[in-house]
Amino acid sequence: MNDRAVSILEQYDFSVERTWKGRGAILFEANGIIYILKEYKGASDRLSFIADRLIKIRENGFSEIEEIIPNKEGNYFCTDYDRTTYIVKRYFTAKECNIREKQDCLEAIHALGRLHKAMTGIVVGEPVKVDSLPLMYEIDKRNTELARVRKYLKSKSQKSEFELFLQTHYDYFYEKAMAVAEQLKKEDTSGWCKNIEDEQSYCHGDYQYHNILMDESGCHIINFEKISPDNPVKDVYLFTRKLLEKNNWDLVLGRELLHTYNEVRLIREEDLLQLKYRFLYPEKFWKIVNYYFNSSKAWISCKNTEKLEAILQQEDNKNALIQTMFG
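This section reports on the structure supplied with the text. (Residues numbered from 1 in each chain as written. Predicted model: local features only at pLDDT ≥ 70, side-chain atom pairs only at ≥ 80, totals over all residues. Heavy atoms only, no water.)

**Some points on unusual backbone geometry**
Phase 1 of the analysis: The phi angle at N31 is positive, at roughly 55 degrees, despite the residue not being glycine.
Phase 2 of the analysis: Of note, N31 is situated in the loop between β2 (25-30) and β3 (33-39).
Phase 3 of the analysis: If you check the backbone angles, Q200 has positive phi at about 45 degrees while not being a glycine.
Phase 4 of the analysis: Here Q200 shows up in the loop between α6 (190-199) and β7 (202-203). (Helix = DSSP H or I, 4+ residues; strand = E, 2+ residues; numbered from the N terminus.)

Written as structure tokens, this is what we have:
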């Protein structure tokens with residue numbers, strides 16, 4: 001074990017038996033249980049918010065989730081000699097969900113339905129208030145970013161091959177993003193906010209294949225750093241969008257995924273409408289633009305062009321799936 005890991009784990013009540021390196025972290029075993037020590041870059045006071053809700057989820061019947069371990073002083077974080085913040089979590093020695101294996105994906109979406117049932121009705125202290133729709137906030141924030149980059153591209157005199165290609169297709173996706181925002185603003189979303197409040201419902205916030213670990217006992221869910229009050233269909237969207245992109249927006253797969261989730265947790269008309277808005281929004285385009293704008297402009301990877309070409313090629317299939325599944 002390196003000196004840094006030693007200095008950190010001394011702040012915990014562990015009798016460490018062995019350690020090994022993981023992906024950007026240190027794994028270790030203590031009393032036959034596997035833990036992970038990793039750097040934490042979020043607000044330290046949010047860790048109590050996360051840890052308390054993880055406890056409630058387990059109490060509500062979903063035990064296959066990580067656990068943030070407090071140190072000797074009862075804090076959910078610790079710092080080393082250069083003031084870097086770390087956390088220790090219970091870990092699972094299992095394989096990542098394979099998004100190319102259909103059975104893995106169906107098990108993962110089934111587990112998500114169970115997780116969402118256990119994430120409903122969580123109250124720690126004062127009930128959470130929802131003053132505005134989280135989806136609207138996300139879209140407005142992204143559209144502001146898209147407008148900023150659009151202005152930047154138009155003002156740039158010397159453009160790379162990728163920038164010229166991006167500008168050629170920018171307005172199509174930009175107008176689509178703005179249209180989704182305008183349509184959403186016409187909806188009476190006060191009831192949607194009230195339902196989140198009344199149900200005290202949460203979403204994982206990053207339900208991706210790398211946060212789903214699988215073994216013979218089932219699915220284990222990790223990395224709840226983005227947990228927040230919201231309509232749980234946000235997680236349904238996060239998981240299914242990635243799969244459908246990889247499968248050229250296959251309609252049969254899309255229906256099977258939603259059907260599997262719906263068998264565990266009913267998808268209401270309100271949920272379907274919010275899911276439709278999420279699919280309508282050109283998120284992949286926004287991700288490409290966001291990555292481009294926040295990266296070095298001296299050298300732009302050809303992968304950016306390939307990704308943009310891919311979403312252009314899939315656009316018809318994506319639109320057809322949305323029209324067929326959501327009307």
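Still more ground to cover, so stick around.
**Focus on the sheet that holds strand β6 (residues 95-96)**
Phase 1 of the analysis: One open sheet holds the 3 strands; their spatial order is β6-β8-β9, and the pairing between them is antiparallel. The strands lining the two open edges of the sheet, one partner per strand, are β6 and β9 (218-221).
Phase 2 of the analysis: With 4 bridges connecting them, strand β8 (residues 212-215) and β9 associate as antiparallel partners. Each residue of the ladder has a partner; that of M214, found in β9, is C219.
Phase 3 of the analysis: Taken strand by strand, helix α3 (residues 102-118) contacts β6, β8 and β9, and its axis lies near 60 degrees from that of β9. (Pairing = 2+ DSSP bridges. Contact = heavy atoms within 4.5 Å. Axes fitted to C-alpha atoms, helices over the stretch in contact; angles between N-to-C directions.)

**Comments concerning the environment of L308**
Phase 1 of the analysis: Structurally, L308 can be placed in helix α11 (residues 302-326).
Phase 2 of the analysis: By relative accessible area, which is 0% here, L308 ends up buried.
Phase 3 of the analysis: L308 sits 23 residues away from F285 along the chain, and the two C-alpha atoms are 7.1 Å apart.
Phase 4 of the analysis: Beyond its immediate sequence surroundings of up to four residues, L308 is in contact with F162, F165, L166, F173, F285 and I288. (Buried < 20%, exposed > 50% of the residue type's maximum accessible area, 1.4 Å probe, protein only.)

**Some words on the pattern of salt bridges**
Phase 1 of the analysis: For the coordinates displayed, the defined rule picks out 22 salt bridges.
Phase 2 of the analysis: The partner of R278 in a salt bridge is E138, and the shortest N-O contact between them spans 3.2 Å. On the criterion of sequence distance, the pair formed by R278 in helix α9 (residues 269-280) and E138 in helix α4 (residues 134-155) is long-range, its members being 140 residues apart. Side by side, R278 and E138 carry an identical accessibility label, which is buried.
Phase 3 of the analysis: Salt-bridge contacts for D171 lead to R150; the nearest nitrogen and oxygen are separated by 2.9 Å. Of this pair, D171 sits in helix α5 (residues 161-185) while R150 is found in helix α4, placing the two residues 21 residues apart along the sequence.
Phase 4 of the analysis: Three or more residues joined by partner-sharing salt bridges are found here, namely R142, R241, E245, E283 and K287. (Salt bridge = Lys/Arg side-chain N within 4 Å of Asp/Glu carboxyl O.)

**Focus on the pairing of β8**
Phase 1 of the analysis: Inspection of the sheet shows β6 paired to β8 by 2 bridges, in the antiparallel sense. Across the sheet, E96 pairs through a bridge with L213, a residue of β8.
Phase 2 of the analysis: With antiparallel pairing between neighbouring strands as the criterion, β8 and β9 make up a hairpin whose turn holds 2 residues.

**Notes on the packing of α4 against α5**
Phase 1 of the analysis: One way to put it is that α4 packs onto α5 with a least axis distance of 10 Å and a crossing angle of 150 degrees. Classified by the angle their axes make, α4 and α5 are roughly antiparallel. Crossing of α4 against α5: the hand is left-handed. Contact residues: L135, M136, I139, D140, N143, L146, A147, V149, R150, L153 and K154 in α4; E163, L166, Q167, Y170, D171, Y174, A177, M178, V180, A181, L184 and K185 in α5. (Parallel < 35°, antiparallel > 145°, perpendicular 65-115°, else oblique. Left-handed = near helix turned anticlockwise from the far one by under 90°.)

**Structural notes on the environment of T79**
Phase 1 of the analysis: In this structure, T79 sits in strand β4 (residues 78-79).
Phase 2 of the analysis: With 72 residues separating them in the primary sequence, T79 and S7 have C-alpha atoms 9.1 Å apart.
Phase 3 of the analysis: Setting aside chain neighbours within four positions, we find T79 in contact with Q11, T84 and T85.
Phase 4 of the analysis: One polar contact links T79 to R83, side chain to side chain, over a distance of 3.4 Å. (Polar contact = N/O pair within 3.5 Å; in protein donor to acceptor, adjacent residues only side chain to side chain.)

**Quick look at the side chain of R265**
Phase 1 of the analysis: Topologically, R265 is positioned in the loop between α8 (251-264) and α9.
Phase 2 of the analysis: Of the side chains bearing the opposite charge, D271 lies closest to the buried R265, which forms no salt bridge; the N-O distance is 4.2 Å.
Phase 3 of the analysis: Ignoring anything within four residues of it in the chain, the contact list for R265 reads G113, H116, K117, P232 and D271. (Lys, Arg positive; Asp, Glu negative; His and termini not counted.)

These values are about where atoms sit, not about what they do.
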